[in-house]
Amino acid sequence: MGVEAGARAARARALAVLRIRSRATAVALLPAALAVILLAGGSTGHLVGPGWDVARWVVGVPALLVLLAAVGIGLVVARARPAVSPTVPLAEEAAPDLYRLVRDLADRLDVPAPSAVALTPDCDSWLEERTHPPHGPPAPSATRPAGKDDLAGEGRLHAHRRAPATVLVIGSPFLWWMRVGELRALLAPVVAGTGPAAHPDIAAARRFVRGLDAAVAVAATPGRCLFLKSVCAGVGWVARLLLRSCRGHAAEMERGVAAAAAERAQTVDYGLRIVAQEQVGLAYAGWDRLLTRVALPAWRMGRWPARLDAGVVAALTELSRRDRLAEGFTSRLGERPACDLLEEPGLVDEAASLLAARLFHGGPAEPGPDWSPVDWQAYPEEVVDRKWRTDAARLHRVLDALGVRPASDTAGPDPMSPTLSRVLDHLSTPTTATRAPAHDPGTFSPTGGPTPGRTAPAHDPGATTPASALDGALGPDGDGDGDDLTSPRSAALAASLSAELADEEAAAPAPTGSAEHAPAALWADAALPLFPLQPPRTPREILTDHVTATVCCAAIDTAGAAPGLDWLDGPTLVINGERATDLTPRVLSLIEDGDPSPLREWLTATGIRPEKPLRLV
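Residues numbered from 1 in each chain as written. Predicted model: local features only at pLDDT ≥ 70, side-chain atom pairs only at ≥ 80, totals over all residues. Heavy atoms only, no water.

### A short note on the environment of alanine 32
Right, so step 1: The residue alanine 32 is located in helix H1 (residues 5-43) in this model.
Right, so step 2: With 27 residues separating them in the primary sequence, alanine 32 and valine 59 have C-alpha atoms 8.2 Å apart.
Right, so step 3: Discounting chain neighbours no more than four positions away, the residues touching alanine 32 are Ala63 and Leu67. (Helix = DSSP H or I, 4+ residues; strand = E, 2+ residues; numbered from the N terminus. Contact = heavy atoms within 4.5 Å.)

This is the structure in structure tokens:
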């Protein structure tokens, strides 16, 4: 135990937590002790008589019940499995240089070395103790081959101490973006935390708090019979009461451990730590942007990028090229990256990418026909182009359902072909409104011919949408869930698209978990995604995405444009080798104000022909 002030404060708080545990044990044993006194007094002839006999029964039976309840609660607290962070385990054979770096760092800090290293698809690093009995000791084959020593190294028992079942969790983006020296400086205060955590009092206090937390989770598990529900309710009430009693002490104990670790780590690469902290903020910004703008569209298409961590480097390099505040960061790229500490960075990146899709999107735990990886080189064709054409096809299906006829100026052999003009004419503010005749034969499909079983108004491209669709999109005051869409047509179309998407998501098969790699407490399919990246899209955002996708399809099919990938903005349209950055404001002018003029001018300037048929999926 170190002499840091934080370590002494942490030990004092740990003793306070242990005193609460001792008091709870004493309260549970007090009735039993009183019953033992009464029974001993009767057997020795001191406490005799009818009154004492009644007292023995009155005290003994409740004491027995309390003792049984205390034993049961104690067993639940001791045997309940605390939550474990979902990580990618990293064996020493897969990263010997990384393990050596951590071992040397522990030597410099004079603290026990962690027993294992794992990666998490997030920009954070921490120590995770898995010393609770249900977790058990780590299997030798999981971290090292049989016959080899632990992380501390064979033959150096005094120089290297091992923190039992303490796992060092490292954010995978750090390994790809940071240099080796920066990673060592960043991990110094984390590894230093094994020193205070190795103290028996702090370790016991942590086990007690984690056990109480796990007992609360066990008590809240649904699907039990009435009797077990009653028993679990009692266990949960006691566990929550003890948690409330020691919450403040446990929080201060963790603060003391962190303060002691930070104080001890000040002697290790202090200057590099300042630079590393700057890189943490930059890596977090690039990682968040990559997940929300690049990975999320692929996940929604049933594909998962297999090199997310490598994408972080590309995204941050692009950021440094665009942003003058990030200038100078690319000069670091000449130094040795921390991912060189791994034997096979590609396999590790793939495992971390799959875990990120599982956590942030709720995808399946293993690849399959409907959940396959995609490389960055194939991303534009296999994700961007497919996404745009799928959205455009969905938009035309909804227009069919709303009874919108094809545009009158459709060019091509089939006048019923889907075109961009159909969307522009429908969303434009009408000058006249006509009501559909009752004898219209049906709704036209993009593939040609009427859709049987539906009646649709025969109207010109400027006609209004059916009243039934407007009733579903607008409330009694004309306000609906179109998200500030003043155009009734846009509101109706946005609401219909939202309903269509909801139906498709409901019909999609649920992701299947893997019991081998996913603890039930964390990987229950109903709880996924654990960390949603974005709130559900509003109808306005959905309509904007679909109209933009239709415009991009028209640009690819008629103007020689190409789908592209922007590391910071995600899917992008490339025209004449340059990104089209001015498309979204023109689409918003169409759907919000019903004004197609800005978009039509842009189409004319770029050579896009909206009357040409689109190739959809």
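Okay, back to it.
### Comments concerning the nonpolar core
A general feature of soluble globular proteins is that nonpolar side chains tend to end up buried together.
Right, so step 1: Within the largest apolar cluster, 115 residues are counted, with the highest numbers of intra-cluster contacts made by Trp299, Leu573 and Trp602.
Right, so step 2: The element best represented in this core is helix H10 (residues 270-300), accounting for 12 residues.
Right, so step 3: Leave out the neighbours within four places in its chain, and leucine 573 touches Trp388, Cys552, Ala555, Ile556, Ala561, Ala562, Glu578, Arg579, Ala580 and Trp602.
Right, so step 4: Judged by nonpolar contacts, the second largest core, of 23 residues, contains Leu18, Ile202, Ala205 and Ala250. (Core = buried A, V, L, I, M, F, W, Y, C linked by side-chain atoms within 4.5 Å. Buried < 20%, exposed > 50% of the residue type's maximum accessible area, 1.4 Å probe, protein only.)

### As for the sheet that holds strand E11 (residues 578-579)
Right, so step 1: If you walk across this open sheet you meet the 3 strands as E9-E10-E11, and the pairing is antiparallel. Both outer strands of the open sheet, strand E9 (562-566) and E11, are each paired with one neighbouring strand and no more.
Right, so step 2: Both E9 and strand E10 (residues 570-575) contribute to a ladder of 5 bridges, which runs antiparallel. Across the sheet, alanine 562 pairs through a bridge with valine 574, a residue of E10.
Right, so step 3: Running at roughly 110° to E9, helix H13 (residues 379-401) makes contact with E9 and E10 of the sheet. (Pairing = 2+ DSSP bridges. Axes fitted to C-alpha atoms, helices over the stretch in contact; angles between N-to-C directions.)

### Description of helix H16 (residues 488-507)
Right, so step 1: For H16, with 20 residues, the first-to-last C-alpha span of 29 Å sits near the 28 Å given by 1.5 Å per residue.
Right, so step 2: Those residues of H16 that sit buried are Arg489, Ser490, Ala491, Ala492, Leu493, Ala494, Ala495, Leu497, Ser498 and Leu501. (Expected span 1.5 Å × (residues − 1).)

### A short note on unusual backbone geometry
Right, so step 1: Positive phi is not limited to glycine here, since aspartate 110 has a value of about 60°.
Right, so step 2: Along the chain, aspartate 110 turns up in the loop between helix H3 (96-109) and strand E2 (113-120).
Right, so step 3: Classification of aspartate 110 as exposed rests on a relative accessible area of 53%.
Right, so step 4: A positive phi angle is found at asparagine 576, which is not glycine, with a value near 55°.

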